[in-house]
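A structural walkthrough
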Amino acid sequence: MNNNSFGTTSHVKRNYRPAIIAISVVLIGAIAVLAGMPGMEDFDAFDVTILPLMNAILNSFTFLFLSAALIAILKGNVKVHRRFIYAAFVTTFFFLITYVTFHYLSPSTPYGGAGLLAGIYYFILITHILLAAAIVPLALTSVARAWNMENERHKKIARWTMPIWLYVSLTGVLVYIMISPFY
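A quick note: this is a predicted structure, and the numbers were derived from the prediction, not measured.

You can see V100 is positioned in helix α3 (residues 78-105). V100 sits 34 residues away from L66 along the chain, and the two C-alpha atoms are 22 Å apart. For V100, the residues in contact, after removing those within four places along its chain, are I31 and L34.

Structure below.
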């Protein structure tokens, strides 16, 4: 914070764009590489199928935190909104750790269902994957604009970020529920 000549406080804006790009490319790239890997052979230190359950639990918490953040901001409570957004980032961070760990250790699990359920599953899965990739730079840009006190620009992008992030976290749980019998 800087004091200008009028005695008011102004905010120093930071350029988060290079970090947002780097984080987005590394995360999305790592996940894409892991998707093509066969998994670790003969890994038996623990039952890795617990990790997708942890992913679903973390996604559930992310969805709840985002919902609470949305309610808070609609009520005008920025402080509570901010805390729930940070909580959603924390659960998303832990989700990423368990997700990457699972896909590093285990081969991809094919969906075993058929018919209409398979169509629904693949629709949810494909939209989940595409929007999960999009949410990385969107969420990071949203929070960067908030940190820079660019409130109007933050609101503009948050109108896209919030529903997409909610969808991604909810469909992550649905994908788990639908594929869990096949682990």
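Additional details are given in the paragraphs that follow.
Turning to the confidence of the model for the protein chain, a few remarks are in order. With 95% of its residues at a pLDDT of 70 or more, the protein chain has an overall mean of 93. Long-range and interchain partners of residues 1-8, a stretch whose pLDDT sits below 50, account for nine contacts in this model, where long-range means more than four residues apart.

Attention shifts here to the nonpolar core. By size, the foremost hydrophobic cluster in this structure holds 13 residues, and its most contacted members are L66, I85, I135, L138, M162, I164 and W165. Where this core is concerned, the elements lending two or more residues are α2 (50-74), α3, α4 (115-147) and α5 (151-179). Other than its neighbours up to four places away in sequence, I85 contacts L66, A69 and M162. Membership of the second largest hydrophobic core comes to eight residues, among which are Y111, I124, V175 and I179.

This brings us to α3. Its 28 residues give α3 an end-to-end C-alpha distance of 40 Å, which sits within 8% of 40 Å, the value for a rise of 1.5 Å per residue. On the buried face of α3, the contacting elements are α1 (17-35), α2 and α5.

Per the counting criterion, the structure on display carries three salt bridges. Put simply, E152 and K155 hold a salt bridge, and the shortest N to O gap is 3.6 Å. Highlighted residues: E152 and K155, both in helix α5, separated by three residues, approximately one helical turn. Through salt bridges that share partners, K13, E150 and R153 make up one connected network.

The next point concerns the packing of α4 against α5. α5 packs onto α4 with a crossing angle of 145° between their chain directions and a minimal axis gap of 7 Å. The two elements α4 and α5 meet at a crossing, and its hand is left-handed. Residue classes in the contact of α4 with α5 are distributed as 22 nonpolar, eight polar and two charged.

Another aspect to go through is the packing of aromatic side chains. According to the stated counting rule, one finds 13 aromatic pairs in the structure shown. Measuring from centroid to centroid gives 5.3 Å for F43 and F46, while their planes differ by 90°, and the two rings are edge-to-face. Assessed through its relative accessible area of 38%, F46 is described here as partly exposed. Both rings, one in F95 and one in Y99, keep their centres 5.5 Å apart while their planes meet at 35°; by these two values the pair is tilted. Residue F95 and its partner Y99 are both found in helix α3; the two are separated by four residues, about one turn of the helix. What makes F95 buried here is its relative accessible area of 15%. Through a chain of ring-to-ring contacts, the aromatic side chains of Y111, Y121, Y122 and F182 assemble into a single cluster.

Tracing the backbone shows Y16 in the loop between β2 (9-10) and α1. The exposure class of Y16 is partly exposed, given its relative accessible area of 23%. Those residues within four positions of Y16 in sequence are excluded, and the remaining contacts are A144, W147 and N148.

As a further point, take the environment of N148. As for its position among the elements, N148 is in the loop between α4 and α5. Assessed through its relative accessible area of 5%, N148 is described here as buried. Sequence separation of N148 and V12 is 136 residues, and the distance between their C-alpha atoms is 7.2 Å.

The rules behind these values
Residues numbered from 1 in each chain as written. Predicted model: local features only at pLDDT ≥ 70, side-chain atom pairs only at ≥ 80, totals over all residues. Heavy atoms only, no water. Helix = DSSP H or I, 4+ residues; strand = E, 2+ residues; numbered from the N terminus. Contact = heavy atoms within 4.5 Å. pLDDT = per-residue confidence, 0-100. Core = buried A, V, L, I, M, F, W, Y, C linked by side-chain atoms within 4.5 Å. Buried < 20%, exposed > 50% of the residue type's maximum accessible area, 1.4 Å probe, protein only. Expected span 1.5 Å × (residues − 1). Salt bridge = Lys/Arg side-chain N within 4 Å of Asp/Glu carboxyl O. Axes fitted to C-alpha atoms, helices over the stretch in contact; angles between N-to-C directions. Left-handed = near helix turned anticlockwise from the far one by under 90°. Nonpolar A, V, L, I, M, F, W, Y, C, P; charged D, E, K, R; others polar. Phe/Tyr/Trp six-rings, centres within 6.5 Å; stacked < 30°, edge-to-face > 60°.

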